[in-house]
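Chain by chain, the residues run as shown.
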Amino acid sequence: MRIDLPDPERFMKLFYEISGQQPEAKITGVTLDSREARPGDLFIATAGERVDGHQFLSQAYDAQCAAAIVSTRDENVDLPQIVVDDPATTVSQLATAWRQSHSVDVTGITGSNGKTTTKDLLIHIFSVRHVVHGTRGNYNTHLGLPLTLLELDSHHSQSFLEMGANHRGDIGYLCSLSLPRHGLITNIAPAHLSSFGSVEAVRETKGELFESLPESGIAFVNNDDELVKDLPTPAERVTYGFTPECNFTGDMSRDGEGLITLIINGEELPTGSANQTFAKNVLAASAVSSTLGIPFKDIQQQVASFKAVAGRCRMEKRKGVTIIDDTYNANLTSTLAALDYLFDIPVTGKRHFIFGDMLELGDASEDHHRQVGQAVSERGVDQFLCYGPESAAAAEAANGIKAAHFNDKSSLAEAVKDSVSKGDVALFKASRGMALESVIKEVFGD
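Residues numbered from 1 in each chain as written. Predicted model: local features only at pLDDT ≥ 70, side-chain atom pairs only at ≥ 80, totals over all residues. Heavy atoms only, no water.

Per the counting criterion, the structure on display carries 22 salt bridges. For the salt bridge of arginine 35 with aspartate 33, the shortest nitrogen-to-oxygen distance reads 2.8 Å. Linking arginine 203 and glutamate 200 is a salt bridge whose minimum nitrogen-to-oxygen distance equals 3.8 Å. Note that arginine 203 and glutamate 200 are positioned in helix H8 (residues 199-212) at a spacing of three residues, about one turn of the helix. Take arginine 203: its relative accessible area is 17%, and that puts it in the buried class. (Salt bridge = Lys/Arg side-chain N within 4 Å of Asp/Glu carboxyl O. Helix = DSSP H or I, 4+ residues; strand = E, 2+ residues; numbered from the N terminus. Buried < 20%, exposed > 50% of the residue type's maximum accessible area, 1.4 Å probe, protein only.)

Before going further, it helps to examine the packing of aromatic side chains. Scanning all chains against the criterion turns up eight aromatic pairs. With a centroid separation of 5.5 Å and an interplanar angle of 50 degrees, the aromatic rings of phenylalanine 353 and phenylalanine 355 are classed as tilted. Residue class for phenylalanine 353 comes out buried when judged on its relative accessible area of 0%. For phenylalanine 355, a relative accessible area of 0% translates into the label buried. Between phenylalanine 355 and phenylalanine 384, the aromatic rings sit 6.0 Å apart at their centres with planes inclined by 20 degrees, giving stacked as the arrangement. Taken together, the residues phenylalanine 355 in strand E17 (residues 351-356) and phenylalanine 384 in strand E18 (residues 383-387) connect sequence positions 29 residues apart. Judged by its relative accessible area of 0%, phenylalanine 384 is buried. Put simply, the rings of Phe11, Phe15 and Trp98 pair up and form one aromatic cluster. Here the guanidinium or amino end of arginine 10 rests over the ring plane of tryptophan 98, the centre of that ring lying 5.1 Å away. (Phe/Tyr/Trp six-rings, centres within 6.5 Å; stacked < 30°, edge-to-face > 60°. Lys NZ or Arg CZ within 6 Å of the ring centre and 35° of its normal.)

Now for the nonpolar core. Membership of the largest hydrophobic core comes to 50 residues, with the highest contact counts inside it found for Phe11, Val30, Leu42, Leu147, Leu150, Leu209 and Phe210. Among all residues touching leucine 42, those that are not within four sequence positions of it are Phe11, Phe15, Ile27, Gly29, Val30, Thr31, Ala67, Ala68 and Ile69. By size, the runner-up hydrophobic cluster in this structure holds 30 residues, among which are Ile264, Leu283, Ala285 and Val303. (Core = buried A, V, L, I, M, F, W, Y, C linked by side-chain atoms within 4.5 Å. Contact = heavy atoms within 4.5 Å.)

In terms of residue burial, strand E6 (residues 105-110) counts as a mostly covered element, since five of its six residues are buried. Examined bridge by bridge, E6 and strand E8 (residues 158-162) share five bridges and lie parallel to one another. When the bridges of E8 are listed, aspartate 105 appears paired with glutamine 158. In this structure, E6 lies alongside strand E9 (residues 182-185), joined through four bridges in parallel fashion. Among the inter-strand pairings, threonine 107 is bridged to a residue of E9, identified as histidine 182. (Pairing = 2+ DSSP bridges.)

The next point concerns the sheet that holds strand E15 (residues 314-318). An order of E15-E16-E20-E17-E18-E19 is seen for the six strands of this open sheet, with the pairing classed as mixed. Looking at which strands have only one partner, the edges of the open sheet turn out to be E15 and strand E19 (402-406). Going across the sheet, the axis of each strand differs from the next one's by a mean of 15 degrees, ignoring polarity. Alignment of E17 against strand E20 (residues 425-429), held across five bridges, turns out to be parallel. The residue bridging phenylalanine 353 from the neighbouring strand is leucine 427, located in E20. Across the sheet, helix H14 (residues 409-419) is in contact with E17, E18, E19 and E20; its angle to E18 comes to roughly 165 degrees. (Axes fitted to C-alpha atoms, helices over the stretch in contact; angles between N-to-C directions.)

Another aspect to go through is the side chain of threonine 205. Note that threonine 205 resides in helix H8. A polar side-chain atom of threonine 205 sits 3.0 Å from the main-chain carbonyl oxygen of alanine 201. Excluding residues that lie within four positions of it along the chain, threonine 205 makes contacts with Ala165, His167, Arg168, Gly169, Asp170, Ile171 and Phe196. (Polar contact = N/O pair within 3.5 Å; in protein donor to acceptor, adjacent residues only side chain to side chain.)

So, on to the side chain of threonine 116. Looking at the secondary structure, you find threonine 116 in helix H4 (residues 115-126). Discounting chain neighbours no more than four positions away, the residues touching threonine 116 are Glu162 and Arg312.

Quick look at unusual backbone geometry now. Excluding glycine, a negative phi dihedral is what most residues carry, and trans is how most peptide bonds are arranged. Here asparagine 265, not a glycine, exhibits a phi torsion of approximately 45 degrees, which is positive. With respect to the element layout, asparagine 265 can be found in the loop between strand E13 (260-264) and strand E14 (267-270). Unusually for a residue other than glycine, glutamate 360 sits at a positive phi of about 60 degrees. Inspection of the secondary structure puts glutamate 360 in the loop between E17 and helix H12 (365-379). According to the relative accessible area criterion, glutamate 360 is partly exposed, its value standing at 38%.

Here we come to helix H15 (residues 437-444). Considered for burial, the residues of H15 that qualify are Val439, Ile440, Val443 and Phe444. In a view along the axis of H15, the buried residues occupy a sector of 105 degrees, so they form one face of it. Contacts made by the buried residues of H15 are with E15, strand E16 (321-326), H14 and E20. Immediately downstream of H15, the backbone of glycine 445 shows phi near 80 degrees, a positive value. (Arc of directions from axis to C-beta.)

Structurally, valine 106 is set in strand E6. Taking the relative accessible area as the measure of exposure, valine 106 reaches 0% and is therefore buried. For valine 106 and histidine 352, which are 246 residues apart along the polypeptide, the C-alpha to C-alpha distance reads 41 Å. Setting aside residues up to four positions removed in sequence, valine 106 forms contacts with Arg99, Ser159, Leu161, Ser178, Leu179, Pro180, Arg181 and His182.

Quick look at the structure:
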């Protein structure tokens with residue numbers, strides 16, 4: 001993770017106010033990763049579960065960093081080192097002070113599924129009329145969000161911040177740094193159960209976003225999600241969903257190619273996608289955009305030109321095969337939604353589901369993987385290919401269809417090559433840690 005500072009001189013003054021120390025050289029960027037370091041960067045030596053940044057001070061020196069924030073000085077490295085109690089806390093303090101110095105309206109976005117796509121949609125829609133700040137990539141954690149905040153500058157009029165959570169209290173902490181005025185919770189589902197322990201704990205943590213909003217703000221409420229709709233908030237509530245009682249009521253229609261047009265409060269919004277999950281994200285983004293002053297014609301225009309990033313249910317055709325790349329993340333809810341998408345696309349050939357492990361599910365892992373296998377059987381997928389130790393339960397639960405399990409990607413890739421033909425559609429779905437996109441690359445090329 002690395003950023004360029006928008007105003008280095010101002011940052012240097014803030015750094016002195018927070019730390020009481022002043023680096024000799026000018027700081028022009030901030031990095032948490034020595035591999036991404038550039039000349040003039042401030043290297044933050046954080047200690048993680050697997051890696052301690054203090055081990056890479058020599059690499060930061062080689063990259064010509066201006067200085068490093070450390071908890072323990074390494075006298076063997078000739079790099080200016082600023083000693084603090086906790087480098088991660090110091091960068092959070094810097095980010096909080098930086099955010100407080102900007103009057104930009106922040107909208108926080110969290111949820112078990114769809115938060116990245118919804119955030120990207122909002123940034124794309126608002127860019128028509130605003131200079132927009134927002135989360136890049138996966139900079140949505142207790143380490144990444146501070147770097148995102150340090151990218152704010154005086155030209156920004158709107159900010160859309162994605163907030164990820166792996167443990168109780170994570171969202172509340174991120175809100176304390178970023179001070180969101182508005183908030184959106186896309187949905188709540190069984191994800192990261194190995195950390196949270198229960199869906200109720202997930203709900204409580206995600207709900208911290210709504211609780212953190214001021215009375216002058218707006219909570220955008222997914223009225224179709226039973227775990228979201230009744231979450232408490234001091235803010236005004238604006239509801240959206242596919243039922244009549246919502247402030248923004250949606251309906252779906254499909255054309256001959258399966259592409260969805262949303263009808264929102266009576267107005268048509270073509271999505272250019274056959275994916276119901278994407279349509280739900282568009283409805284959420286439209287509710288936020290309309291409420292915060294974006295004309296509907298601008299929303300229509302920007303949705304039409306929006307392109308999903310790789311791994312986020314992106315569909316493309318290669319070698320005559322329609323590929324759905326949904327390899328960025330997976331839990332039971334998002335996997336079943338992706339399976340629906342597989343069957344929403346009209347095809348002349350066969351439907352293939354290439355499935356990798358859903359991670360961080362704790363004691364629920366076997367049951368959730370078995371549910372995927374059962375759902376695949378019920379839908380009648382033509383071929384179900386599984387990869388990873390956890391997905392063995394999914395392959396075992398798949399009855400009456402062609403199913404196989406693989407322990408290595410090379411064998412999986414060969415099976416895909418041998419069985420997928422022109423006119424087929426192939427869905428690739430797994431958690432990020434499985435890196436299933438490498439199979440797409442091996443089979444179909446870049």
